[in-house]
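# An overview of the molecular structure
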Protein chains: 2
Amino acid sequence: MTDGILTADQILAAAQDVLRRYGPAKATVVDVARALGVSHGSVYRHFPSKTALREAVTQRWLDESHAELETVMAAGIPADERLRDWLAALFGAKRKKALDDPELFATYMVLVKEASAVIDRHVAGLIGQLEQIIAAGVARGELAAPDPAVAARAVFQAASTFHNPIHAAEWGRPGIEREFTALCDLILRGLEPRTG
Amino acid sequence: MTDGILTADQILAAAQDVLRRYGPAKATVVDVARALGVSHGSVYRHFPSKTALREAVTQRWLDESHAELETVMAAGIPADERLRDWLAALFGAKRKKALDDPELFATYMVLVKEASAVIDRHVAGLIGQLEQIIAAGVARGELAAPDPAVAARAVFQAASTFHNPIHAAEWGRPGIEREFTALCDLILRGLEPRTG
């Protein structure tokens, strides 16, 4: 491969392979460059440090579920349905990752612990989408919440069993789908407009 | 110490000290017997195996927060207040343990992973108390839930950020009290009887 056509995305894909193969403790930038057949200088031109590269890999992995969430955000449905679909899309995306490729998932669990700023941004982005859903629902009379921002954080925390990777061991458990539905029911009742 | 007066509780207290001192990987029944100045046979008379002893220590630790929960269960207050107080008592007890003695807490985190049957019983007991609160509230018209058992599990999961030890790292965070209140508000709105 010539350095001229090396893209950030190629580097991130190679870095993921290297992290999986050598483990987060041992993987180096030189390993990534070697896997791509380029000098480590070519990698540093895109990512100024090993930390920057690892954070970018983590960010990319976290963002992978965003496409499905964007679809839910764009759908022409009432806010209560959107909220349920959004939680289901997030749970589905995270669970798929954890169950389809447990080894890679474990690798990322290590990376995620190092990259607290990346995680904070990721979580803030997710809670921001929830706030958008709730605020729009309140404006249309489909939901009720005294403060959509506060409600968004509470909903995100209430659903943590179904998206926070520290709960991944529970995601293959029989009955987890039923528990997810029960939790969504409780949350949506909590946001239901009152007739009285 | 003479074997004659050795109680199970003395053994459990000594076992906790030994586990803290040597760590869960290294602590043995012989260490516990030595700490008590008795033969290891005296320990085995109460606990037939090392596993049984470790499970009993874990159980005792988990049960420590029960006294406060029992007080809440016995209080003469409406079900919505009882539910909030119960969640607050559980959160308070767990957080106190995690923040007051992080080293012992870490020791128990290891033990808890080994003792899944003990944990399952503990969790079932807690969800059972929630179901009692909710069912009594429904009977008195103070709460609404189509199925109190299902609602109890959903409430327990919704509050997992505030009692599951895997979330302990979040418990010292500024704003955690406010987040707990927002979550309780959401849960209680979800269980509110509808006037319509």
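Keep in mind it's a predicted model, so treat the numbers as computed, not measured.

## Structural notes on the interface of chain A and chain B
Taken together, the contacts link 27 residues of chain A with 27 residues of chain B. At the boundary of chain A with chain B, total buried surface from both sides reaches about 2,200 Å², with 55% on carbon and sulfur atoms. Looking only at chain A, the three residues that lose the most surface to chain B are A:Q157, A:L186 and A:R189, adding up to 28% of its buried area. One can count four salt bridges joining chain A with chain B.

## A few points about helix α1 (residues 8–22) of chain A
Residue and element names in this part refer to chain A. For α1, with 15 residues, the first-to-last C-alpha span of 21 Å sits near the 21 Å given by 1.5 Å per residue. Those residues of α1 that sit buried are I11, L12, A14, A15, Q16, V18 and L19. In this fold, the buried residues of α1 make contact with α2 (29–36), α3 (40–46), α4 (50–63) and α7 (102–114). Just past α1, the residue G23 takes up positive phi, approximately 85°.

## Focus on the packing of aromatic side chains
Residues and elements named next belong to chain A. Under the counting rule described, the total for this entry stands at 14 aromatic pairs over all chains. Geometrically, the ring pair formed by F91 and F180 is tilted, given 5.2 Å between the ring centres and 35° between the ring planes. With F91 in helix α6 (residues 79–100) and F180 in helix α10 (residues 176–190), this pair connects stretches of sequence that are 89 residues apart. The two residues F91 and F180 agree in class, both being buried. When the centroid spacing of 5.3 Å and the interplanar angle of 70° are considered together, the rings of F162 and F180 count as edge-to-face. Of the two residues, F162 is situated in the loop between α9 (148–158) and α10 and F180 in helix α10; the sequence distance between them amounts to 18 residues. Look at F162 and you get buried, because its relative accessible area is 1%. The class for F180 is buried, based on a relative accessible area of 7%.

## Things to note about the environment of A:A33
Residues and elements named next belong to chain A. By the secondary structure assignment, A33 is in helix α2. Looking at A33, the relative accessible area reads 2%, which means it is buried. The spacing of A33 and I11 is 22 residues in sequence and 8.2 Å in space, taken between C-alpha atoms. With sequence-adjacent residues up to four places away left out, A33 is seen in contact with V38, S39, H40 and V43.

## Details of the relation of the copies chain A and chain B
For these two chains of identical sequence, chain A goes onto chain B by a turn of 180° and a shift of 0.0 Å along the axis, with RMSD 0.0 Å. This pairing of chains is accounted for by a two-fold axis. The overlap is high: 100% of the interface residues of chain A also sit at the interface in chain B, so the same surface is used on both sides.

Calculation notes
- Residues numbered from 1 in each chain as written.
- Chains lettered and ligands numbered in written order.
- Predicted model: local features only at pLDDT ≥ 70, side-chain atom pairs only at ≥ 80, totals over all residues.
- Heavy atoms only, no water.
- Contact = heavy atoms within 4.5 Å.
- Buried area = accessible area lost by both parts, 1.4 Å probe.
- Salt bridge = Lys/Arg side-chain N within 4 Å of Asp/Glu carboxyl O.
- Helix = DSSP H or I, 4+ residues; strand = E, 2+ residues; numbered from the N terminus.
- Expected span 1.5 Å × (residues − 1).
- Buried < 20%, exposed > 50% of the residue type's maximum accessible area, 1.4 Å probe, protein only.
- Phe/Tyr/Trp six-rings, centres within 6.5 Å; stacked < 30°, edge-to-face > 60°.
- Least-squares fit on C-alpha atoms with pLDDT ≥ 70 in both.

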